[in-house]
Amino acid sequence: MTTVAILPISGANGEKTYRAIAGDKHSVGKTAGQALDALTAQLDEMEFSALLVIQSFQPDSFFNAEQQERLSELMESWRSARDQGLALPPEQQVELDSLVELELRAATARTAAFMQQGNS
């Protein structure tokens, strides 16, 4: 099963968009559903079977407010660079990749905690 992460991203103008990520594929949409739909269009049927858990994207013990804010800043920089045909500086790309991976792990841990609560 392919793991999909959907991250909220706040733009410089305060507008929120969502980025869906699965391995080396990603998409952006105005809503989490739009980002997910665009991502699943990139995956073949064998790559995608899903358990979808939707959360409020509020800071928690798995991924705190500071991490969310930095991820949002880096995503804004990434989009700006992409729109100009550029790449992020290597150190920022490493930090962005690290935060995306951390949020993915946080989502997995959050889901495990949620499932454990459901079995209690």
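Residues numbered from 1 in each chain as written. Predicted model: local features only at pLDDT ≥ 70, side-chain atom pairs only at ≥ 80, totals over all residues. Heavy atoms only, no water.

Draft legend 1. Fine view of the overall build of the chain. Each helix and strand in the chain was counted, giving three helices and three strands. When contacts within the chain are restricted to residue pairs at least 6 apart in sequence, those whose partners lie at least 24 apart make up 39%. (Helix = DSSP H or I, 4+ residues; strand = E, 2+ residues; numbered from the N terminus. Contact = heavy atoms within 4.5 Å.)

Draft legend 2. Expanded view of the sheet that holds strand E1 (residues 5-10). The antiparallel open sheet is built from three strands, whose spatial order is E1-E2-E3. Of all strands in the sheet, those with a lone pairing partner are E1 and strand E3 (25-29), marking the two edges. Neighbour-to-neighbour, the strand axes of this sheet turn through a mean angle of 25°, independent of strand direction. Alignment of E1 against strand E2 (residues 16-22), held across six bridges, turns out to be antiparallel. Across the sheet, Ile-6 pairs through a bridge with Ala-20, a residue of E2. The sheet strands contacting helix H2 (residues 65-83) are E1, E2 and E3, and the helix crosses E1 at an angle near 85°. (Pairing = 2+ DSSP bridges. Axes fitted to C-alpha atoms, helices over the stretch in contact; angles between N-to-C directions.)

Draft legend 3. Looking closely at the packing of aromatic side chains. Summed over all chains, the structure comprises zero aromatic pairs. The aromatic ring of Trp-78 is capped on one face by Arg-19, whose charged end is 4.7 Å from the ring centroid. (Phe/Tyr/Trp six-rings, centres within 6.5 Å; stacked < 30°, edge-to-face > 60°. Lys NZ or Arg CZ within 6 Å of the ring centre and 35° of its normal.)

Draft legend 4. Representation of the nonpolar core. Counting 13 residues, the largest nonpolar core has Leu-7, Leu-71, Met-75, Leu-96 and Val-100 as its most contacted members. The set of elements that each furnish at least two residues to this core consists of E1, H2 and helix H3 (90-118). When neighbours within four sequence positions are excluded, Leu-71 is seen to be in contact with Leu-7, Phe-63, Leu-96, Leu-99 and Val-100. Formed by eight residues, the second largest nonpolar core is a distinct cluster that contains Ile-6, Tyr-18, Ala-22 and Leu-36. (Core = buried A, V, L, I, M, F, W, Y, C linked by side-chain atoms within 4.5 Å. Buried < 20%, exposed > 50% of the residue type's maximum accessible area, 1.4 Å probe, protein only.)

Draft legend 5. Structural view of the pattern of salt bridges. Enumeration over the complete set of coordinates arrives at eight salt bridges. Two residues, Arg-70 and Glu-95, come together in a salt bridge whose shortest N-O distance is 2.9 Å. With Arg-70 in helix H2 and Glu-95 in helix H3, this residue pair connects regions lying 25 residues apart in the sequence. A salt bridge links Glu-101 to Arg-105, with the shortest nitrogen-to-oxygen separation between them at 3.5 Å. One end of the pair, Glu-101, and the other, Arg-105, are both in helix H3, four residues apart, so they sit about a helical turn from each other. For Glu-101, a relative accessible area of 34% puts it in the partly exposed group. The exposure class of Arg-105 is exposed, given its relative accessible area of 53%. (Salt bridge = Lys/Arg side-chain N within 4 Å of Asp/Glu carboxyl O.)

Draft legend 6. Fine view of the layout of surface pockets. Within this model, the second largest pocket holds a volume of roughly 210 Å³. In terms of lining residues, the second largest pocket is bounded by 13 residues, among which Pro-8, Ser-10, Gln-68, Glu-69 and Ser-72 are the most central. For the lining of the second largest pocket, the leading source of residues is H2, giving five residues. Counted by class, the lining of the second largest pocket contains six nonpolar, three polar and four charged residues. (1 Å grid on protein atoms, 1.4 Å probe; cavity = no way out; pocket = protein on both sides within 12 Å on 5 of 7 lines; lining within 4 Å. Points joined across faces, edges and corners; volume = space filled by probe spheres on them. Nonpolar A, V, L, I, M, F, W, Y, C, P; charged D, E, K, R; others polar.)

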